[in-house]
Structures are given as structure tokens and as C-alpha cells.
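Chain and residue survey
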Amino acid sequence: DELKPDLTEAMKSSPNCSREELFTFKINTAETAHQLRWHFIGSTVNNGIETIASGPGPEFGYEYEANETYYHSYCLTKDSKYRFQLKNSAGGGLGSGKYSLSYGGVTIFDSDSSEDFEDVKNHRFQVLASGVKILGKNRSFLTDVDDD
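Everything quoted here is computed from the prediction, not taken from an experiment. (Residues numbered from 1 in each chain as written. Predicted model: local features only at pLDDT ≥ 70, side-chain atom pairs only at ≥ 80, totals over all residues. Heavy atoms only, no water.)

Some remarks on the overall build of the chain
Check the secondary structure of the chain and you find one helix and nine strands. For the chain, the sequential pattern of α-helices and β-strands runs α-β-β-β-β-β-β-β-β-β. Within the chain, residue pairs in contact and separated by at least 24 positions form 69% of the contacts whose partners lie at least 6 positions apart. Carbon and sulfur atoms provide 45% of the accessible area of the chain, an area that totals close to 7700 Å². (Helix = DSSP H or I, 4+ residues; strand = E, 2+ residues; numbered from the N terminus. Contact = heavy atoms within 4.5 Å. Areas by Shrake-Rupley, 256 points an atom, 1.4 Å probe, with all protein chains shown as cover.)

Regarding the pattern of salt bridges
Applying the stated criterion to the full structure yields one salt bridge. Between Glu63 and Arg37 there is a salt bridge, and its shortest N-O distance comes to 3.5 Å. Remark: Arg37 occurs in strand β2 (residues 36–43) and Glu63 occurs in the loop between β3 (49–55) and β4 (69–75); sequence separation between them is 26 residues. Given the relative accessible area of 29%, Glu63 is considered partly exposed. (Salt bridge = Lys/Arg side-chain N within 4 Å of Asp/Glu carboxyl O. Buried < 20%, exposed > 50% of the residue type's maximum accessible area, 1.4 Å probe, protein only.)

Topic: the sheet that holds strand β8 (residues 120–128)
What the five strands build is an open sheet, ordered β3-β2-β5-β8-β9; its pairing is antiparallel. At either end of the open sheet lies a strand with only one pairing partner, and these are β3 and β9 (131–134). On average, each strand axis in the sheet is tilted by 25° relative to the strand beside it, whichever way the strands run. Taken together, the seven bridges between β2 and strand β5 (residues 80–88) define a ladder with antiparallel strand orientation. Each bridged residue has a counterpart across the sheet, and for Ile41 the counterpart in β5 is Arg83. (Pairing = 2+ DSSP bridges. Axes fitted to C-alpha atoms, helices over the stretch in contact; angles between N-to-C directions.)

Looking at the nonpolar core
Counting residues in hydrophobic clusters, the biggest one holds 23 residues, and the most contacted among them are Phe23, Phe25, Trp38 and Phe40. Elements represented by at least two residues in this core include exactly β1 (22–28), β2, β4, β5, β6 (98–103), β7 (106–110) and β8. Beyond its immediate chain neighbours, meaning those up to four positions away, Phe23 contacts Phe40, His72, Ser73, Tyr74, Leu76, Phe84, Leu101, Ser102, Tyr103, Ile108 and Phe125. (Core = buried A, V, L, I, M, F, W, Y, C linked by side-chain atoms within 4.5 Å.)

Section: the environment of Glu68
Positionally, Glu68 belongs in the loop between β3 and β4. In sequence terms Glu68 and Ala30 are 38 residues apart; their C-alpha atoms lie 7.6 Å from each other. Once residues within four sequence positions are removed from consideration, Glu68 is found in contact with Ile27, Asn28 and Thr29.

Details of the packing of aromatic side chains
Scanning the entire structure with this criterion turns up 16 aromatic pairs. Plain terms: the ring middles of Trp38 and Phe84 are 5.8 Å apart, the flat faces sit at 20° to each other, and that makes the pair stacked. Residue Trp38 is found in strand β2, and its partner Phe84 is found in strand β5; the two are separated by 46 residues along the sequence. Taking relative accessible area as the criterion, Trp38 reaches 3% and is therefore assigned buried. The interplanar angle of 45° and the centroid separation of 6.1 Å between the aromatic rings of Phe40 and Tyr74 together place this pair among those described as tilted. With Phe40 in strand β2 and Tyr74 in strand β4, this pair connects stretches of sequence that are 34 residues apart. Tyr74 matches Phe40 in its accessibility class, with the two residues each being buried. Here the aromatic cluster, defined as three or more aromatic residues joined through ring pairs, consists of Phe23, Phe25, Trp38, Phe40, Tyr74, Tyr82, Phe84, Tyr99, Phe109 and Phe125. (Phe/Tyr/Trp six-rings, centres within 6.5 Å; stacked < 30°, edge-to-face > 60°.)

Here it is, written out as C-alpha cells:
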């Protein structure tokens with residue numbers, strides 16, 4: 001089963017966003033679904049940090065179920081930096097689950113269960129007029145979230 005964000009499904013959750021501005025997180029869960037948490041943050045125009053979204057968990061009113069597919073989509077601002085962080089609260093990674101991150105229909109990251117992580121996986125990127133630039137472990141922004 002190839003993992004690619006379904007833009008039709010993603011657009012349903014962000015109807016006022018053009019395809020070119022749409023960031024999509026798609027996750028196919030496994031047995032560790034109830035232990036997964038994610039946090040998506042970005043830089044603001046005055047060099048601040050804002051939380052775009054977080055989930056799932058009791059504090060958000062929902063949990064992931066095992067062996068299901070979930071989509072989360074958000075409009076992003078060009079010339080801003082972002083960090084998407086996926087955690088397993090028990091340190092067990094994704095198990096046999098998979099996830100992908102895309103922007104404007106272009107895949108930024110596509111996991112494979114062989115690329116599993118133990119506790120935390122971070123993805124940093126910048127949205128430019130020309131596309132997406134993958135960033136390294138720059139800690140000069142987005143410091144309010146645990147690092148990997």
C-alpha cells in the first residue's frame with residue numbers, strides 16, 4: 001500500500017486553502033496508535049513562534065485508533081519556517097505504521113516502517129515562493145518543543 005496524501009480528502013478539511021498552500025499530514029496507524037502525539041509549529045512575521053495544531057490525546061478530546069488512516073491539513077504562509085514533530089509517549093515509534101508530510105501536493109517526507117524512530121521524529125522546513133526547503137537542526141527558532 002503506497003502512502004501518498006490524498007489531496008481530495010485533505011482539501012475537505014481546508015476548503016478555503018488553494019492546493020499550492022496546503023500542508024497535509026497523513027498517518028496510517030498501527031498497534032501503537034494510542035501512544036502517538038504530534039505538534040506542528042511555525043515562525044511568525046515578527047520572529048515569534050505559534051502553534052498551528054497538536055494532537056491527538058486526552059487533552060484534545062480524541063485518540064488515534066489502531067490500523068486507521070487520518071488526514072490533517074493546514075494552510076501555510078510562504079517565507080515562514082515550520083517544524084512538525086511526531087512522538088511516541090512510550091518510546092515505541094510507529095511500529096508498522098506509516099506517515100507522510102506534503103506541501104502543495106509535493107511530498108516532503110514519506111516514512112517507511114524500516115525508518116522507525118524510538119521517541120521523537122522532527123521535520124523542519126521553510127515554505128518559499130519556489131517550493132519547500134528542508135532545514136537542518138536549526139535551534140534558533142522553534143525552541144518550545146523537545147528536540148530529537
